[in-house]
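Observations on chain architecture
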Amino acid sequence: MKTVRDFARFRAAGRRISMVTCYDAWSARIIQASRIDCILVGDSAAMVMHGHDSTIPATVEMMAAHVAAVRRGAPDKLTIGDFPFLAHRQGVAHAVAVAERLMKAGAQAVKIEGVRGHEDAIGALVEGGVPVMGHLGLTPQSVHQLGGFKVQARGEAAAARLLADARTLAELGAFGLVLEAVPSEIARAVTDEIEIPTIGIGAGPHTSGQVLVLHDLLGCDETFRPRFVRRYLEGHALVRRALDRYAEDVENNEFPSTEESYHDTTDSHGRRVAAPAR
Ligand code: KIV
């Protein structure tokens, strides 16, 4: 997948879209070599990379730095940059400036949480040539209003509200929609109802694609085991084992070896001599 146009194409063809988060160049290089369709430089960077307990501390500068690093590592993958907390609630001019910052850093599209009250900002960005992805359901920037990271759109009224918001986003010209932590049946209803592709996380199997936080699918946090994450690697255990082996080798003076060391192989006359055995 190269552009947001491919989103629509994949949906029309019934081809599911795979998306992962990424925040840095070295993992972007691995994603670049993989089958993954596109990258979300999510504001989850604030939690995963910076150790905060929510996404609220993410800033525009933080997001732009992560976007730039990811683009350097994965120049051929469609890269979507996240609007941080309240960046879309300070008027159209501010939203345009934030999009400019993220796109000049390398994003080809932006993602914005919610829709009510900032329809004008989303509309202006779309009109201005910025591809916008929506994000409904559990919107982590509203964690304090939602009372925690909880499943949303349970019950008829909440489901109807979600569906109405999804329609609004499609009408505003969003090219895709993340549905986070909503019942599978509701995600299916939204996907059937709107024309743009839906990308689910904790939203069941009926969306047009899936997104996971890279570090969750790689099992980097031993203690984080929510129902919606499938682990494809026990990353924490693997990395920890490698670190323990390295530490042990250093303690036992088994690293570095002769082969892993540089040697001055010239004598006082400038003649080459054999490298020492150890
Ligand atoms: O910031 C993020 O990583 C996200 C995904 C979880 C969808 O918004």
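About the cut-offs
Residues numbered from 1 in each chain as written. Predicted model: local features only at pLDDT ≥ 70, side-chain atom pairs only at ≥ 80, totals over all residues. Heavy atoms only, no water. Helix = DSSP H or I, 4+ residues; strand = E, 2+ residues; numbered from the N terminus. Buried < 20%, exposed > 50% of the residue type's maximum accessible area, 1.4 Å probe, protein only. Contact = heavy atoms within 4.5 Å. Areas by Shrake-Rupley, 256 points an atom, 1.4 Å probe, with all protein chains shown as cover. Lys, Arg positive; Asp, Glu negative; His and termini not counted. Charge placed at Lys NZ, Arg CZ, Asp CG, Glu CD. Pairing = 2+ DSSP bridges. Axes fitted to C-alpha atoms, helices over the stretch in contact; angles between N-to-C directions. Near = heavy atom within 4 Å. Polar contact = N/O pair within 3.5 Å; in protein donor to acceptor, adjacent residues only side chain to side chain. Domains from an automatic or database assignment. Expected span 1.5 Å × (residues − 1). Phe/Tyr/Trp six-rings, centres within 6.5 Å; stacked < 30°, edge-to-face > 60°. Salt bridge = Lys/Arg side-chain N within 4 Å of Asp/Glu carboxyl O. Parallel < 35°, antiparallel > 145°, perpendicular 65-115°, else oblique. Left-handed = near helix turned anticlockwise from the far one by under 90°. Nonpolar A, V, L, I, M, F, W, Y, C, P; charged D, E, K, R; others polar.

Looking only at helices and strands, the protein chain has eleven helices and eight strands in total. Relative to its full complement of 278 residues, the protein chain shows a buried share of 47%. Considering only contacts within the protein chain whose residues lie at least 6 apart along the sequence, 56% involve residues at least 24 apart. Surface summary for the protein chain: the accessible area is close to 14800 Å², and the carbon and sulfur share equals 53%. Distance from the positive charge centre (31 side chains) to the negative charge centre (34 side chains) of the protein chain: 4 Å.

Spatially, the eight strands close up into a barrel ordered S1-S2-S3-S4-S5-S6-S7-S8, and their pairing is parallel. In this sheet, adjacent strand axes meet at a mean angle of 25 degrees when their direction is disregarded. Judged from the two bridges that link them, strand S7 (residues 198–201) and strand S8 (residues 209–212) form a sheet pairing that is parallel. The partner of Gly200 across the bridge, within S8, is Gln210.

Okay, the site of the ligand next. The ligand sits among Thr21, Leu40, Gly42, Asp43, Ser44, Asp82, Lys111, His135, Val178, Glu180 and Ile201. The contact in question runs from an oxygen atom of the ligand to an N or O atom on the side chain of Ser44, over 2.5 Å. Between the ligand and Lys111, the relevant distance is 3.0 Å, taken from an oxygen atom to a side-chain nitrogen or oxygen of the residue. Within the complex, the protein chains bury 96% of what would otherwise be the 250 Å² of accessible surface of the ligand.

This part takes up the domain arrangement of the protein chain. By a widespread convention, an interface's size corresponds to the accessible area lost as its parts come together. What the domain assignment reports for the protein chain is domain 1 (4–233) and domain 2 (238–274). The gap between the C-alpha centroids of domain 1 and domain 2 is 45 Å.

Owing to its 3.6 residues per turn, the α-helix aligns residues three or four sequence positions apart on the same side. The end-to-end C-alpha distance of helix H4 (residues 60–73), which contains 14 residues, comes to 20 Å, matching closely the 20 Å that a straight helix rising 1.5 Å per residue would cover. In terms of burial, H4 is largely enclosed, as ten of its 14 residues are buried. Those residues of H4 that sit buried are Val60, Met62, Met63, Ala64, His66, Val67, Ala68, Ala69, Val70 and Gly73. The inward-facing, buried residues of H4 abut helix H2 (25–32), strand S2 (38–41), helix H3 (45–48), strand S3 (78–82) and helix H5 (92–104).

Mapped onto the elements of the fold, Glu180 is located in strand S6 (residues 176–180). Polar side-chain contacts of Glu180 include one of 2.9 Å to the side chain of His135. In this view, Glu180 contacts His135, Leu136, Gly137, Leu138, Pro140 and Ile201; residues no more than four positions away in its chain are not counted.

Another point: the packing of aromatic side chains. The final tally for this structure, using the stated rule, is two aromatic pairs. Measuring from centroid to centroid gives 5.1 Å for Phe7 and Phe175, while their planes differ by 90 degrees, and the two rings are edge-to-face. With Phe7 in helix H1 (residues 5–13) and Phe175 in the loop between helix H8 (156–172) and S6, this residue pair connects regions lying 168 residues apart in the sequence. No difference in accessibility class separates Phe7 from Phe175, as the two residues are buried.

Attention now moves to the pattern of salt bridges. Overall, the coordinates contain eleven salt bridges when judged by the stated rule. In this structure, Glu100 engages Lys104 in a salt bridge whose closest nitrogen and oxygen atoms are separated by 2.5 Å. Of this pair, Glu100 and Lys104 are both found in helix H5, four residues apart, which corresponds to roughly one turn of the helix. Classification of Glu100 by relative accessible area gives partly exposed; the value is 41%. With a closest N to O distance of 3.5 Å, Asp244 and Arg240 form a salt bridge. Here Asp244 pairs with Arg240, and both are found in helix H11 (residues 235–251), just four residues apart, close to one helical turn. What makes Asp244 partly exposed here is its relative accessible area of 39%. Overlapping salt bridges bring together Arg225, Arg231 and Glu234 as one network.

Now for the packing of H2 against H4. With their axes 7 Å apart at the nearest point, H2 and H4 run at an angle of 40 degrees to one another. Classified by the angle between their axes, H2 and H4 sit oblique to one another. Between H2 and H4 lies a crossing whose hand is right-handed. Between H2 and H4, the contacting residues are Ala25, Ala28, Arg29 and Gln32 on the first element and Ala69, Val70 and Gly73 on the second. Along the lines of polarity and charge, the residues of the contact of H2 with H4 split into four nonpolar, two polar and one charged.

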